[in-house]
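Structure at a glance
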Amino acid sequence: MKSRLDSVRKIYGRLKKNRLAVVGLWIIIILVITAVFAPLIAPYDPNEQDLLSSLEGPSLAHPMGVDFFGRDVFSRVIWGARVSLTISLVAVAISAVVGTILGSLAGFYGSVLDEVIMRIMDVFLAIPSILLAIAIVAVLGPRTSNLILAVSVSTIPEFSRIARSAVLVEKNKEYIEAARAIGESRLSILFRYALPNSMVPIIVQASLRMATAILSVSGLGFLGLGVQPPTPEWGTDLSLARTYLEIAPHAGIFPGIAIFLSVIGFNFLGDGLNEALNPKLKDR
Amino acid sequence: MKHLVRVENLKKIFKIRNQGRTSTIVAVDDVSFFIKKGETLGLIGESGSGKTTVGRMIVRLLEPSEGRIEFDSRDITHLKERELKPFRNRFQIVFQDPYSSLNPRMTVFQILSRPLSVFGVENDRRKQKERVLKALYDVGLHDEHLNRYPHEFSGGQRQRISIARALISEPEFVVLDEPTSALDVSVQAQILNLLKYLKSEHNLTYLFISHDLGVIHYMCDRVMVMYLGEIVESASTEELFESPIHPYTRFLMRAIPDPDPEVSTKELEISYTERGSQVSHSDSGCKFFPRCDRAIKRCEGEHPELVEILPEHYVRCHNPHL
Amino acid sequence: MREKILEINHLQIRFDTEDGVVKALEDVNLELYSGEILGLVGETGCGKSVTSQSVLRLLPTPPTRITNGSILFHGKNLLEMPEEKMNDIRGGKIAMIFQEPMTSLNPVFTIGEQLEDVIALHRKVDRKEANVIAVKSLVDVGLDDAEVILSKYPHELSGGQRQRVMIAMALSCQPEVLIADEPTTALDVSIQAQILSIIKHLKQDHGMAVLLVTHNLGVVAQVCDRVAVMYAGYVVEKGDKFDVLKTPLHPYPRGLLESIPRSRKVRELRSIPGSVPNLINPPEGCRFHPRCPFSTGVCDREVPVLEEAAPGHFVACHHWRRLNP
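Below you will find a few notes about this structure.

For the rest of this paragraph, the subject is the overall build of chain C. For chain C, the count of helices and strands is twelve helices and twelve strands. Looking at the 325 residues of chain C, the share that counts as buried comes to 57%. Summing over all exposed atoms, chain C offers an accessible surface of approximately 13,400 Å²; the carbon and sulfur share of this is 53%.

This is the structure we're talking about:
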């Protein structure tokens, strides 16, 4: 147990050397706190309308101004964090699990199974992920569950590709042969031996994919295919604000900044993790 | 004495795909031998001799292309993994590289208790722990090592863990595939002595694979010399080291530098130019012909058979050094 | 008569790592005379490779810090030499070959292109002349079909051939010193014997001084004139190879010699207990004392100094007199 803690500390130590990764990490921490404590932080109910102050600019009472429907933009941005983050997190978690299982099975068993799984993944990879997501939501209808499905389906191929190549590398190591020699079954070798040692690229990928998922969720929202109003969501709000962008830019700028920051945060962290985890975390 | 392992006409052909073209390499070519219960058989050869491939085929980590492997008088050559299961805990293997042969994500306890769970020897966790501890003491490690990860150990300690993993299911036969060649000499001696001790303690039979003549001499009762997939000489250790017959064996013995400068300085009169760079591809002749200093006409065209030149001393050579 | 070409004095090197400062070298004193082969032996982590690489300043800084000492080449301190001058020395006056020749050769150029480049650069000759020198130096290292070798790519050669090419490349610039860092460790014994005999001939024919780094005492016995044994960042014994290998004074080389299985005689192997210390927290005093059967109270307090026990035979042990009556 102690050594686990030690290695976490060591990884954090390496992460700390990458300044952008630290910035990313802080952005994400703030984002998560915001999402979790949204009801406490937000000064107003995000759906409370005060039509009299519609499109009012930033002020002490409304630090990010008011949107067309008279709702407090600051409160909506804060609640939006909750929506974006939850949907993206669930979607990435699903695609990470499914993609990793498919990819590692393909890599580990090889031959026909590998061909079948990876050719299917190739088909998905050939379609730009946002187009794929749009198609899925367009067919199934814009419900939250469909949104999650759309975003996760479009990221599965990435995970499976990465898991496959990681497992392929591990598969040829001597400890796998040793496991066969003590009679471990194939599945046990995959899940107890090969997979736990392939987690590094998958973790890195998960962080990077969080960024794209947030972008996809708000992109779909922007196109009216995402979370439906009046639920506060950055992309949807941005799209609504577009009409009045010239007279009330604040209603669009702040959700936009929120999207930008969270995407950048996960990207920085992902890159940082890649560096911190890769120079062999198993130091000899 | 009873033969625990019998190998007949074993052959392994590797297919190599290189830019669409498939070529084949005969890594092990028609190898036959037996291992008596309780003995240590040495297998010596340089890289590419096929010695490692032989070891892996015997413990069924590699599928033989041709031939037959018998363990305790049962043909195990083509048993499916499920049918093999009752045999798996009777023969084990220790690998060369102590760094890559342990799962970096498992603690020592997990590594050592897996064979117990898999073979169904012991499923109760408390009893597992007792057996794991006993195995650890056996190889010279202690309680405090139980919950550590492989990267916290030195090479020698890791090799001890590997040995404990191989022995915990109480096998009768162990393949030792260059178990000390990645270790420092001072540690190598520890491991060799440990292996000797464990052998007598647990009535083991070893197949000891190595490229180091000194190690083989120290460990083995009988020795086989392999060259390019074939056994070229086989005899009792004493006889082989006192009167080697095959030119390749003699060459190897001269090539290994002895730490005694008086012995060593005299012997460095090995041919200075490289003649063995072009390996002969003519299937008909002796494989050692291109490098041999005793080659005669017959060697180029006719492949020699392994012949019992002296009692229990087999040599594959047309012009043996007698 | 014997000129001291290379002299390492009180070399101390530290590596900064995440786990702490590695005290890789503590106090290394060596000298290489013209026309001799000096063997530098020891086990993993003893600092033999670090020492050899520091001569040509090949260690990356950071994490490396040279905290004390000097390396004198013909009396000039290499550690204080400007980088451009150092570049002339690397591959010019002092050449180096490594354990894995494949990594030191560029895979996309033929042997000829690389070899002739090096020769043209250091010997300041044109391509045609460089080619002549290249052929000659390949023949020198026993590659008779030099023209064929020159047209090949590194991957088309065997391990032994690649190491010969590396030696030829090192030689082609007529260096005064050759540093060979485990040159035969990755090779089969038969090839090893050939490479060693080449190195020995180089000394005899060209009067070159060689610093041969190895973990193999057999190799030392075979080709070296003198030997220095290192342990955990110190030279613990050095001298003529007959003295050190026949009558070692220090318990560590003694133990090493007793732990080598020999093909010529069988006897009980005596191993050295324990393993090489962690150099982040090395033992106090003599770094060998936790593994030493003769250690006493003084050994864990005071670092033994390297003293001359017999002419040219140095040992760093508090008890060498008691152990060698």
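The next subject is the sheet that holds strand β5 (residues 74-75) of chain B. All names here are of chain B. If you trace the four strands from one edge of the open sheet to the other, you get β2-β1-β4-β5, paired in antiparallel fashion. Either end of the sheet is taken by a strand with one partner, and the two such strands are β2 (21-36) and β5. One ladder, built from twelve bridges, connects strand β1 (residues 3-18) with β2; its direction is antiparallel. Paired with R6 across the bridge in β2 is F34. Contacts from helix α1 (residues 51-58) reach β1, β2 and β4 (66-71), with the element oriented near 115° to β1.

On to unusual backbone geometry, then. Omega for the bond connecting P229(A) with P230(A) falls within 30 degrees of zero, at 10°, which places this linkage in the cis form. Turning to its location among the elements, P230(A) is positioned in the loop between α10 (199-222) and α11 (234-242). We note that H10(C) has phi near 45°; this positive angle belongs to a residue other than glycine. Considering the arrangement of structural elements, one finds H10(C) in strand β1 (residues 4-17). On the basis of relative accessible area, H10(C) is assigned to the partly exposed category, the value being 44%.

Time to look at the side chain of R165(B). Tracing the backbone shows R165(B) in helix α5 (residues 155-167). The buried charged residue R165(B) lacks any salt bridge, with E174(A) as its nearest oppositely charged partner at 7.5 Å. Leave out the neighbours within four places in its chain, and R165(B) touches A178(A), I182(A), F95(B), S101(B), L102(B), I111(B), L112(B) and P115(B).

Looking now at the environment of V210(C). Residues and elements named next belong to chain C. One can find V210 in strand β8 (residues 209-214). Given the relative accessible area of 0%, V210 is considered buried. As a C-alpha pair, V210 and I280 span 70 residues in sequence and 31 Å in three-dimensional space. Leaving out residues up to four positions away in the same chain, V210 has contacts with L32, E36, I37, L38, L178 and I199.

For I149(C), the position within the fold is in helix α6 (residues 146-150). Look past the residues within four positions of I149(C) in its chain and what remains in contact with it is I111(C), L138(C), L143(C), L157(C), Q161(C) and V165(C).

A separate point is the pairing of strand β8 (residues 205-210) of chain B. Residue and element names in this part refer to chain B. Within β8, six of the six residues are buried, which leaves it mostly tucked inside the rest of the structure. What you see with β8 is no split at all: T205, L207 and I209 on one side and Y206, F208 and S210 on the other are buried throughout. Bridge count between strand β3 (residues 40-44) and β8: five bridges; the pairing is parallel. Paired with T40 across the bridge in β8 is Y206.

What counts as what
Residues numbered from 1 in each chain as written. Chains lettered and ligands numbered in written order. Predicted model: local features only at pLDDT ≥ 70, side-chain atom pairs only at ≥ 80, totals over all residues. Heavy atoms only, no water. Helix = DSSP H or I, 4+ residues; strand = E, 2+ residues; numbered from the N terminus. Buried < 20%, exposed > 50% of the residue type's maximum accessible area, 1.4 Å probe, protein only. Areas by Shrake-Rupley, 256 points an atom, 1.4 Å probe, with all protein chains shown as cover. Pairing = 2+ DSSP bridges. Contact = heavy atoms within 4.5 Å. Axes fitted to C-alpha atoms, helices over the stretch in contact; angles between N-to-C directions. Lys, Arg positive; Asp, Glu negative; His and termini not counted. Salt bridge = Lys/Arg side-chain N within 4 Å of Asp/Glu carboxyl O.

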